Amino acid sequence: MGELVDKVKGNVNEAVGKAKQHSDDPETRAEGKAQEVKGKAQQAKGAVKGALGDDI
């Protein structure tokens, strides 16, 4: 179950991050890039959990 949760959170963070990158504010764009990277990391974490099982 943790695998799915991590992947969903990752997808949400990635989508929100991409949306923020279209802002006119440079600070918001930078925040969006960081959030997108965080989302990709969460998706990778979910993939690892899926490969190893939720025992980790």
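Throughout what follows, the structure given in this document is the object of discussion. (Residues numbered from 1 in each chain as written. Predicted model: local features only at pLDDT ≥ 70, side-chain atom pairs only at ≥ 80, totals over all residues. Heavy atoms only, no water.)

## Digging into the side chain of K49
Keep this limit in mind: A helix here means a DSSP run of H or I that spans at least four residues, while a strand means a run of E at least two residues long, and both kinds are numbered starting from the N terminus. We define a polar contact as two N or O atoms separated by no more than 3.5 Å, with the added condition that, inside protein, one atom must be a possible hydrogen donor and the other a possible acceptor, whereas residues neighbouring each other in sequence contribute only through side-chain atom pairs.
Residue placement: K49 occurs in helix α2 (residues 26-52). A polar side-chain atom of K49 sits 3.0 Å from a polar atom in the side chain of D6.

## Concerning the side chain of D6
The line we're drawing: A contact between two residues is defined here by any heavy atoms of the two lying within 4.5 Å.
Tracing the chain through its elements places D6 in helix α1 (residues 2-20). Leaving out residues up to four positions away in the same chain, D6 has contacts with Q42, Q43, K45, G46 and K49.

## Section: the environment of L52
Applied cut-off: Relative accessibility under 20% of the residue-type maximum defines a buried residue, over 50% an exposed one, and the middle range a partly exposed one, all with a 1.4 Å probe and only protein chains included.
Assignment of secondary structure puts L52 in helix α2. Overall, the relative accessible area of 55% leaves L52 in the exposed class. In this structure the C-alpha to C-alpha distance between L52 and L4, which are 48 residues apart in sequence, comes to 13 Å.

## Overview of the environment of V5
With respect to the element layout, V5 can be found in helix α1. Sequence separation of V5 and G46 is 41 residues, and the distance between their C-alpha atoms is 7.6 Å.

## Examining α2
Note the threshold: To estimate the expected span of a helix, subtract one from its residue number and multiply by 1.5 Å.
In this model α2 runs 39 Å from its N-terminal to its C-terminal C-alpha over 27 residues, within 8% of the 39 Å that 1.5 Å per residue would give. Where α2 is concerned, the buried positions are G32, Q35, E36, G39, Q42, G46 and K49. After α2 finishes, the residue G53 shows a positive phi value of roughly 95°.

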